[in-house]
Amino acid sequence: MSKFPSLPADPEMVIVLAAHPEGFGALFEYHDAILRGPSPLSIAERELIAAYVSGLNQCTFCFGIHRAFAELHGIQSQIFDDLIADPAAAGLDEKMLPLLAYARKLTMEPGSVTDADAAAVYAAGWNEKALFHTVSATGLFNMMTRLVAGTGIVANPTAQQSVRDRVAKNLDHPSPYADFAKRIKIAGERAILGDAMVGGQ
């Protein structure tokens, strides 16, 4: 049985968010601010963190799409073979390892994060903004993976490939996530997702 009886048994994200749109516009603007705005971290590095946190949470939906985005922005695909189990063995630039270690602790044992963990980030040459963006991306994708799990959102390979293709054609788009939110809003308003999508009933 679906977690939401008015929705399909295995809903895609667009269906869930069109049915329950409150707040998601601001949520995706935040995605753009953290993942696409000015940062010491490249877009590829921030998408890598998003994928890493998603993988730690065993969220195949978020891991798949953000792995794809990271790859499109320059992360080598083979890195993901070992990324979740052992980032040090994945072939990453060593400078990324303290950031991923921080993200892992913040995800798995948030109460165990210490000043020494931050010091390791600074010792690797990162500044405070880089740490803040790592914390923000980590928090965001801990939320997103729980949104996905809690609502029963599933990955549609065809839809995810369509998203990847759209992103690949416009890698410099400054607000792809807000653009996605607009697409959902329009779909919901036009009721093209079915009667159950109208008014969240």
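Before reading on, note that the structure itself is shown above.
Only a predicted model underlies this, so the values are computations on that prediction, with no experimental measurement involved.

### Some thoughts on the overall build of the chain
Item 1. The helix and strand tally for the chain stands at nine helices and zero strands.
Item 2. Order of helices (α) and strands (β) in the chain, N terminus to C terminus: α-α-α-α-α-α-α-α-α.
Item 3. Principal-axis analysis of the C-alpha atoms gives the chain an extent of 55 × 35 × 30 Å.
Item 4. Counting the 201 residues in the chain, one finds 42% classified as buried.
Item 5. Within the chain, counting contacts between residues at least 6 apart in sequence, those at least 24 apart form 71% of the total.
Item 6. When the accessible area of the chain is evaluated, it comes to approximately 10100 Å², of which 55% is carbon and sulfur surface.

### Thoughts on the packing of helix α4 (residues 60-72) against helix α7 (residues 128-151)
Item 1. Look at α4 against α7: their axes get within 9 Å of each other, and the N-to-C directions meet at 130 degrees. Relative to α7, the element α4 lies oblique. Contact residues: F61, C62 and H66 in α4; F141, M144, T145 and V148 in α7.
Item 2. Of the residues belonging to the contact of α4 with α7, the class tally is five nonpolar, two polar and no charged.

### A word on the packing of helix α3 (residues 43-56) against α4
Item 1. Two elements in contact, α3 and α4, have axes separated by 8 Å at closest approach and are oriented at 160 degrees. One element, α3, and the other, α4, form an angle in the roughly antiparallel class. Relative to α4, α3 is oriented so that their crossing is left-handed. Between α3 and α4, the residues in contact are A44, E47, L48, A50, A51, S54 and G55 and C62, F63, H66, R67, F69 and A70, respectively.

### Side note on the pattern of salt bridges
Item 1. Under the defined criterion, the tally for this structure stands at five salt bridges.
Item 2. Ionic pairing is found between R67 and E71, a salt bridge with its closest N-O pair at 2.7 Å. Remark: E71 and R67 occur in helix α4; sequence separation between them is four residues, near one turn of the helix.
Item 3. Taking the relative accessible area as the measure of exposure, R67 reaches 23% and is therefore partly exposed.
Item 4. As a salt-bridge pair, E71 and R164 come within 3.5 Å of each other at their nearest N and O atoms. Here the residue E71 occupies a position in helix α4, and R164 occupies one in helix α8 (residues 157-169), the gap between them amounting to 93 residues.
Item 5. For E71, a relative accessible area of 18% puts it in the buried group.
Item 6. Here the salt bridges share partners, and the residues they tie into one network are R67, E71 and R164.

Cut-offs and rules
- Residues numbered from 1 in each chain as written.
- Predicted model: local features only at pLDDT ≥ 70, side-chain atom pairs only at ≥ 80, totals over all residues.
- Heavy atoms only, no water.
- Helix = DSSP H or I, 4+ residues; strand = E, 2+ residues; numbered from the N terminus.
- Buried < 20%, exposed > 50% of the residue type's maximum accessible area, 1.4 Å probe, protein only.
- Contact = heavy atoms within 4.5 Å.
- Areas by Shrake-Rupley, 256 points an atom, 1.4 Å probe, with all protein chains shown as cover.
- Axes fitted to C-alpha atoms, helices over the stretch in contact; angles between N-to-C directions.
- Parallel < 35°, antiparallel > 145°, perpendicular 65-115°, else oblique.
- Nonpolar A, V, L, I, M, F, W, Y, C, P; charged D, E, K, R; others polar.
- Left-handed = near helix turned anticlockwise from the far one by under 90°.
- Salt bridge = Lys/Arg side-chain N within 4 Å of Asp/Glu carboxyl O.

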